[in-house]
Amino acid sequence: MRPHSLTSRGRPRIVKPVVALTVASVLMVPVFFHVAQSVANDQPSLAKAQSGSEKSTSEAAAQRTGRSAAEAHCAAVKASVQDAGFADSVSVTCQDGKALITSDTYPDHEMMTGIVGTNEQVPVPANHYTSPVMLEPTLGDTPQTRDAALGVAVNGVPIYDYTGGGEMSQDDLSSYQAKNDTLATKQLDACGGHAGRGDDYHYHVKPVCMIDKMKNADDNPIIGWAFDGYPIYGDDNPDGSHIAMDVLDVCNGQPDDTFGYRYHTSEQAPYIIQCLMGEVPEAKDLPRVPPLKAASGDTQADSRGRPAGTPPQGGVEDLVFTQQADGKRSMDYTYHGEAYYIRYTPTDTPNCYDFETRTVTDGGDVKTGEYCR
């Protein structure tokens, strides 16, 4: 599965339900995207040119508090999680030049309901998933892309770019990918996310449901961190001022007085961070959530792991995701008038689940099996 995803409080807001995206708005996206990127292509060099003085500002502030720049950055990452109210479910430790943000990637908000273009995958907690954030970020010369997460939200949920068609090329970055737009093709829920090939929940656009739950949501807070160490903000500047359409660069970022650089979400494509402007050693080795594996000794489960789903042509209807107090979860939907479902319940084995599925991918056959993280 591939990257990509979706306030109130008097500021511009993305239309929450994916299905509410109009044909007119979709057609307008390429116009915006090309205009923005024609200006944005000059932004990386501008940001890099300015980063020296801006980084000095950050370092000077750190020195005034008696801390190194890395220590100050670590404190900023920890504060972003604490101030948002997610410290009970997300931990931050700093070592070896990185802030390690650890969670189970399973948010405390509604998920999956409303998706039309489902891939017939479901969200399963990924215990101890750790996102490494550089503590001394440095802007690079070439934007980096990857077919996986580019960062992490302050609630511990991974953030992908907006597309769902494999890794973006350098040419893809500056042109609107209509066929792979997870928002326009209704692959996302009302909260801006969905489950990927690893049965892992992640965001592809602004995480509106997470933002609604943030204790500091009214203060234009940091909503996440890119793996290169730079913060991610919402649609507006940190001071609340509006961002002009031609300001953000190809990665959806701009220079920042405190951190040297910052990313933003936006109402138009690419909606959220779509590449890494900072340097990340061994970017291809950054964490991924692997598919579930068949439990040892389960003769019914596919020994290769839970099979990948195939998006039903034309999409499904009435998709609803529910959770019960005992941990049982169910995703139910209809396709061409027939009922389908994926149901899974925790077993006595940690991080394992008993699955019962009737999917379009399997032709409506009922299948069972135990799968584990």
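Note that the structure is a prediction, hence the values are computed from the model and not measured.

A. Quick look at the side chain of Asn119. Here Asn119 lies in the loop between β2 (98–103) and β3 (129–134). For Asn119, a relative accessible area of 10% puts it in the buried group. Here the side chain of Asn119 touches Gln121 through a polar contact of 3.0 Å, landing on its backbone nitrogen. In terms of polar contacts, Asn119 uses its side chain to reach the backbone carbonyl oxygen of Ala195, at 2.9 Å.

B. Structural context of the state of the cysteines. Counted by the stated rule, this structure contains 4 disulfides. There is a disulfide in this structure between Cys191 and Cys209, and the S-S distance comes to 2.0 Å. On the S-S bond that ties Cys191 to Cys209, the torsion sits near -75 degrees, and the link is left-handed. Taken together, the positions of Cys191 in the loop between α4 (170–173) and β7 (193–195) and Cys209 in helix α5 (residues 208–213) put the pair 18 residues apart, joining distant regions of the chain. Each member of the pair, Cys191 as well as Cys209, carries the same accessibility label: buried.

C. Seen up close, the sheet that holds strand β16 (residues 329–335). An order of β14-β19-β18-β17-β16-β15 is seen for the 6 strands of this open sheet, with the pairing classed as antiparallel. Looking at strand neighbours, the two that pair on one side only are β14 (293–294) and β15 (317–323), the edges of this open sheet. Relative to β16, β15 runs antiparallel, the two sharing 5 bridges. Its bridge partner lying in β16, Gln323 is registered against Arg329.

D. Region of interest: the nonpolar core. In this structure, Met112, Met210, Met214, Tyr263, Ile273 and Phe355 are the most contacted members of the largest nonpolar core, which totals 87 residues. Here Ile273 is in contact with Leu150, Ile159, Tyr160, Asp161, Ala226, Ile232, Cys251, Asn252, Tyr263 and His264, once residues within four sequence places are set aside.

E. Unusual backbone geometry, seen in detail. Looking along the chain, the bond that leaves Ala269 and enters Pro270 is cis, with omega of 15 degrees. If you check the backbone angles, Glu120 has positive phi at about 55 degrees while not being a glycine. Within the secondary structure, Glu120 sits in the loop between β2 and β3. Positive phi, close to 55 degrees, is recorded for Glu282, a residue that is not glycine. Tracing the backbone shows Glu282 in the loop between β13 (276–278) and β14.

F. Just the pattern of salt bridges, in detail. If you walk through the whole model with that rule in mind, you get 7 salt bridges. The closest approach of N and O atoms between Arg358 and Glu338, which form a salt bridge, is 3.9 Å. Here Glu338 lies in strand β17 (residues 338–346) and Arg358 lies in strand β18 (residues 352–358), a separation of 20 residues in the sequence. Put simply, Lys367 and Asp362 hold a salt bridge, and the shortest N to O gap is 3.8 Å. Judged by its relative accessible area of 43%, Lys367 falls in the partly exposed class. For Asp362, a relative accessible area of 23% translates into the label partly exposed.

G. Spatial organisation of the sheet that holds β2. With antiparallel pairing, the 3 strands of this open sheet are ordered in space as β1-β2-β3. Each edge of the open sheet carries a strand with a single partner, namely β1 (91–95) and β3. Ignoring which end each strand starts from, the neighbouring axes of this sheet average 25 degrees apart. Each of β1, β2 and β3 touches helix α3 (residues 69–84); the most contacted strand, β1, lies at about 175 degrees to it.

H. Quick look at the side chain of Asp256. Position of Asp256 among the secondary structure elements: in strand β11 (residues 253–256). For Asp256, the side chain forms a polar contact with the main-chain nitrogen of Phe259, separated by 2.7 Å. There is a polar contact of 2.6 Å between the side chain of Asp256 and the side chain of Arg262.

I. Geometry of α3. Here α3 is 16 residues long and its end C-alpha atoms lie 23 Å apart, about the 22 Å a rise of 1.5 Å per residue gives. Within α3 the residues assigned to the buried category are Ala70, Ala72, His73, Cys74, Ala76, Val77, Ser80, Val81 and Ala84.

J. Representation of the packing of aromatic side chains. Scanning the entire structure with this criterion turns up 10 aromatic pairs. Arranged with centres 5.7 Å apart and planes meeting at 80 degrees, the rings of Tyr162 and Tyr271 form a pair that is edge-to-face. Of the two residues, Tyr162 is situated in the loop between β6 (158–159) and α4 and Tyr271 in the loop between β12 (260–264) and β13; the sequence distance between them amounts to 109 residues. According to the relative accessible area criterion, Tyr162 is buried, its value standing at 0%.

K. Up close: the confidence of the model for the protein. For the protein, the average pLDDT comes to 86, and 82% of its residues sit at 70 or higher. Taken together, the stretch residues 1–32 has pLDDT below 50 and engages in 118 contacts with residues farther than four places along the chain or on a different chain. Below pLDDT 50 for its whole length, residues 34–57 participates in 42 contacts with residues either more than four positions away or in separate chains.

L. Examining the environment of Tyr201 more closely. Position of Tyr201 relative to the elements: it lies in strand β8 (residues 201–203). Residues Tyr201 and Thr105, spaced 96 residues apart in sequence, show a C-alpha to C-alpha distance of 6.6 Å.

Rules used throughout
- Residues numbered from 1 in each chain as written.
- Predicted model: local features only at pLDDT ≥ 70, side-chain atom pairs only at ≥ 80, totals over all residues.
- Heavy atoms only, no water.
- Helix = DSSP H or I, 4+ residues; strand = E, 2+ residues; numbered from the N terminus.
- Buried < 20%, exposed > 50% of the residue type's maximum accessible area, 1.4 Å probe, protein only.
- Polar contact = N/O pair within 3.5 Å; in protein donor to acceptor, adjacent residues only side chain to side chain.
- Disulfide = S-S within 2.5 Å.
- Pairing = 2+ DSSP bridges.
- Core = buried A, V, L, I, M, F, W, Y, C linked by side-chain atoms within 4.5 Å.
- Contact = heavy atoms within 4.5 Å.
- Salt bridge = Lys/Arg side-chain N within 4 Å of Asp/Glu carboxyl O.
- Axes fitted to C-alpha atoms, helices over the stretch in contact; angles between N-to-C directions.
- Expected span 1.5 Å × (residues − 1).
- Phe/Tyr/Trp six-rings, centres within 6.5 Å; stacked < 30°, edge-to-face > 60°.
- pLDDT = per-residue confidence, 0-100.

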